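Spelled out, the chains give:
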Amino acid sequence: MSRLNESGKTRHLVLHDYGMGGLWWWVWAGSAEEIVESCAEVEVVTDPDAVQHVDTWDLKEVHLDDPEPNPLSSFRARRDAQRGRPGFGALAGRDRVHLRRPEVEEGQVYLVELGPDGRRLRQVELGADGGAVGTTPEDWPFNPPTDLYDPEYAAWEIGRDEFEDAWRRARREPAV
């Protein structure tokens with residue numbers, strides 16, 4: 001899947017998934033980790049079937065260290081702005097992460113369980129009326145990843161027990 005060039009860099013398939021679509025590139029870098037540590041809101045796609053399928057597309061090839069501006073410039077700038085803040089990278093590399101997202105509407109809160117790739121595995125919507133609804137990936141048409149390096153999300157972290165208690169109380173609604 002990956003190709004090595006003369007400078008020791010490997011070509012990686014990189015995606016910025018924004019929910020209703022995505023931006024794709026081949027990125028030459030020393031490692032997949034170097035890419036996600038250098039660029040906010042991107043993921044390195046490692047599924048062999050996806051890589052093989054996308055290999056037929058005419059994607060732009062970018063070197064992670066290309067001079068500015070390049071297609072990764074805004075993602076690098078976002079990551080650079082995050083790097084010195086408390087909580088940077090605190091959630092990355094974990095098997096499960098549990099977050100309490102700030103209120104969407106008054107009294108409405110979402111508790112989410114994220115996998116190691118930052119995608120939601122389960123979610124509990126806590127309503128202003130005290131009710132709780134639990135949902136899973138089958139219920140969502142889109143499931144873009146949460147950037148687990150982003151320090152903003154570290155402040156939202158809750159314990160697994162708090163999430164599990166809410167999940168047990170939540171009613172399940174059938175997927176539409």
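Because the structure is predicted, anything quoted here is derived from the model rather than measured. (Residues numbered from 1 in each chain as written. Predicted model: local features only at pLDDT ≥ 70, side-chain atom pairs only at ≥ 80, totals over all residues. Heavy atoms only, no water.)

*Asks:* Looking at this model, I keep getting lost on the sheet that holds strand β4 (residues 61–63). Mind explaining?
*Replies:* Strand pairing in a sheet relies on backbone hydrogen bonds. The paired strands run either parallel or antiparallel. Taken in spatial order, the 4 strands make up an open sheet running β3-β1-β2-β4, and their pairing is mixed. Edge strands, defined here as strands with exactly one partner in the open sheet, are β3 (43–45) and β4. Here the average twist between neighbouring strands, direction ignored, is 45°. One ladder, built from 8 bridges, connects strand β1 (residues 10–17) with strand β2 (residues 22–29); its direction is antiparallel. For R11, the partnering residue across the bridge sits in β2 and is W28. (Pairing = 2+ DSSP bridges. Helix = DSSP H or I, 4+ residues; strand = E, 2+ residues; numbered from the N terminus. Axes fitted to C-alpha atoms, helices over the stretch in contact; angles between N-to-C directions.)

*Asks:* Got a minute to help me understand the environment of R94 in this structure?
*Replies:* With respect to the helices and strands, the residue R94 is situated in the loop between α3 (73–83) and β5 (97–105). In this structure the C-alpha to C-alpha distance between R94 and G118, which are 24 residues apart in sequence, comes to 9.5 Å. A distance of 3.1 Å separates a polar atom in the side chain of R94 from the backbone oxygen of A90. (Polar contact = N/O pair within 3.5 Å; in protein donor to acceptor, adjacent residues only side chain to side chain.)

*Asks:* Can you walk me through the pattern of salt bridges in this structure?
*Replies:* Two side chains that carry opposite charge are able to pair once their charged atoms sit near each other. A full pass over the atoms with the stated rule returns 17 salt bridges. The shortest N-O distance in the salt bridge between D80 and R83 comes to 3.5 Å. A residue pair is termed a helical-turn pair when its members lie 3 or 4 positions apart in one helix, as D80 and R83 do in helix α3 at 3 residues. Residue classification places D80 among the partly exposed positions, given a relative accessible area of 48%. Residues joined in a network through salt bridges with shared partners are D95, R96, E113, R122, R160 and E164. (Salt bridge = Lys/Arg side-chain N within 4 Å of Asp/Glu carboxyl O. Buried < 20%, exposed > 50% of the residue type's maximum accessible area, 1.4 Å probe, protein only.)

*Asks:* Quick question: what am I supposed to make of the packing of aromatic side chains here?
*Replies:* The description of an aromatic ring pair uses the distance of the two centres, along with the angle that the planes make with each other. Under the criterion given, the structure shown has 5 aromatic pairs. When the ring of F163 is compared with that of W167, the centres are 6.2 Å apart and the planes differ by 15°; the resulting orientation is stacked. Of this pair, F163 and W167 are both found in helix α5 (residues 160–169), 4 residues apart, which corresponds to roughly one turn of the helix. When its relative accessible area of 0% is taken as the criterion, F163 is described as buried. Directly above the aromatic system of W26 lies the positively charged group of R11, at a separation of 3.6 Å from the ring centroid. For R120, the ring lying beneath its charged end belongs to W140, and the centroid distance is 3.9 Å. (Phe/Tyr/Trp six-rings, centres within 6.5 Å; stacked < 30°, edge-to-face > 60°. Lys NZ or Arg CZ within 6 Å of the ring centre and 35° of its normal.)

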